[in-house]
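Coordinate inspection notes
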Amino acid sequence: MRDLRIAPSILAADFARLGEEVADVAPAVPTIHVDVMDGHYVPNISLGHPVVKSLRAATDRVLDCHLMITDPATYAPQLVALGAESVTFHPEVDDDPLALIHRLHDEGAEVGVAIKPAHPLSLVSELLDHVDLLLVMTVEPGFGGQSFRHDAVPKVAEAARWRREHDAGFRIQVDGGIALDTIEEAAAAGADTFVAGSSVFGAQDRVAMVHDLLARARSATGGDREAVG
Ligand code: DX5
Ligand code: ZN
C-alpha cells in the first residue's frame, strides 16, 4: 500500500495553546507542518526559531518546516540545529539550491523543494534526484484557509510521472486547501503527503478528521494501487 501521510499545519492552531494543540493531533500523525514566513517571500509573518525550539521540546513528532522566506541558506541550517528534521524551501530565491540541499543533508535533515502555483515543475526538475520531498503548493503561499487550486493538480500528476520514469523516491506533498472534498483529487494525481491546516484544526475531533482524510486519500488511490499520473 502507498504510504499516505497527513501533516497538520499549525498555522491553523491556537498559538496561545500550541503545545496542547500539537498534542491533540500527534497520536494520529507522524509529522507536524510548521510554516515559517518572513514577511518578504510572502506578505505575512508567522513564527520562527523560538517556536521551533519550544515545539521540539514539546513533541516527539517530526517537525517539517516549510520555509516561505527569502534567505533559506541562512535560516534553514539554524532551524535544523534547533531540531527540525525536515526543511522545505522555495529554491528560486537561492543562488545555489543544490548546495543548500547537500548542506542540509550533511546536517542530518530531510530536504524538500517547493513550487508555487505559477511555477512549472521544470523549475525544480534538476533538483528532484537530490530531494526527499517535492511540495506542490495548491494555494498561493502566505495564508491558511484558502481554496484548493484545482489547476495545480496536473503538476502533481506530472511530478508523479517524473518520479516513476526516473525511478526516484521523493515524496509528493500538497499544501493548501486540503479537506475532505479535495484530498481525493490530489491523491488520485499522485500526492502521498497532505498538509492540512484549517480542515484538521477546525474540526471538533482532530484525530477523527485525520483518519477520515486518510480514508478518502486511500480510496482515491485504489488502496494499494500506484496512481497513474
Ligand atoms: C500556506 C501554508 C499552508 C497553510 C495551509 O502558505 O503553506 O501550510 O497552513 O492551510 P490550509 O490547510 O488551511 O489551506
Ligand atoms: Zn505550508
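So, a few notes on the structure that sits alongside this text.

Definitions and cut-offs
Residues numbered from 1 in each chain as written. Chains lettered and ligands numbered in written order. Predicted model: local features only at pLDDT ≥ 70, side-chain atom pairs only at ≥ 80, totals over all residues. Heavy atoms only, no water. Helix = DSSP H or I, 4+ residues; strand = E, 2+ residues; numbered from the N terminus. Buried < 20%, exposed > 50% of the residue type's maximum accessible area, 1.4 Å probe, protein only. Contact = heavy atoms within 4.5 Å. Near = heavy atom within 4 Å. Polar contact = N/O pair within 3.5 Å; in protein donor to acceptor, adjacent residues only side chain to side chain. Areas by Shrake-Rupley, 256 points an atom, 1.4 Å probe, with all protein chains shown as cover. Nonpolar A, V, L, I, M, F, W, Y, C, P; charged D, E, K, R; others polar. Donors = N, O, S within 2.8 Å, 3.2 Å for Na, K, Ca; no water. Tetrahedral: all angles 85-135°; square planar, octahedral: opposite > 155°, others 65-115°. Pairing = 2+ DSSP bridges. Axes fitted to C-alpha atoms, helices over the stretch in contact; angles between N-to-C directions. Lys, Arg positive; Asp, Glu negative; His and termini not counted. Salt bridge = Lys/Arg side-chain N within 4 Å of Asp/Glu carboxyl O.

Here we come to the overall build of the chain. For the chain, the helix and strand inventory stands at eight helices and eight strands. When its C-alpha atoms are laid out on the principal axes, the chain stretches across 45 × 40 × 30 Å. Evaluated residue by residue, the chain yields a buried proportion of 54% over its 229 residues. The long-range share in the chain, meaning contacts at least 24 apart out of those at least 6 apart in sequence, stands at 65%.

On to the site of ligand 1, then. Close to ligand 1 lie 20 residues; Asp-35, Gly-142, Asp-175, Gly-197 and Ser-198 are nearest. Here an oxygen atom of ligand 1 sits 3.3 Å away from a polar atom, N or O, in the side chain of His-33. The backbone of Gly-142 places a nitrogen or oxygen atom 2.7 Å from an oxygen atom of ligand 1. Relative to its unbound accessible surface of 380 Å², ligand 1 loses 99% to contact with the protein. Every element with two or more residues in the shell around ligand 1 is listed here: strand S2 (31-37), strand S3 (62-68) and strand S8 (193-196). Counting residues per element, the shell around ligand 1 draws most heavily on S2, at three residues. Among the residues making up the shell around ligand 1, the classes are represented as eight nonpolar, ten polar and two charged.

This brings us to the coordination of the zinc ion (ligand 2). Octahedral metal centres with six donors ideally show angles of 90 or 180 degrees, and tetrahedral centres with four donors ideally show 109.5 degrees. The protein atoms donating to the zinc ion (ligand 2) are His-33 (NE2), Asp-35 (OD), His-66 (ND1) and Asp-175 (OD), with metal-donor distances spanning 2.1 to 2.3 Å. Each of the six donor atoms bound to the zinc ion (ligand 2) contributes to angles spanning 71 to 172°, and the resulting shape is octahedral. Positions of the donor residues of the zinc ion (ligand 2) along the chain correspond to the pattern H-x1-D-x30-H-x108-D. Of the two residues, His-33 is situated in strand S2 and His-66 in strand S3; the sequence distance between them amounts to 33 residues. For the pair formed by His-33 and His-66, the shared burial category is buried.

Bringing the sheet that holds S2 into the picture now. Spatially, S1-S8-S7-S6-S5-S4-S3-S2 is the arrangement adopted by the eight strands of the open sheet, whose pairing is parallel. Every other strand in the sheet has two partners, leaving strand S1 (5-8) and S2 as the edge strands with one partner each. For this sheet, the mean angle separating the axes of adjacent strands, direction not counted, is 25°. The pairing of strand S7 (residues 171-175) with S8 spans three bridges and is parallel.

On to the side chain of Asp-35, then. Its place among the elements puts Asp-35 in strand S2. Although Asp-35 lies buried, it forms no salt bridge, and the closest oppositely charged side chain, Lys-116, sits 14 Å away as judged by the N-O distance.

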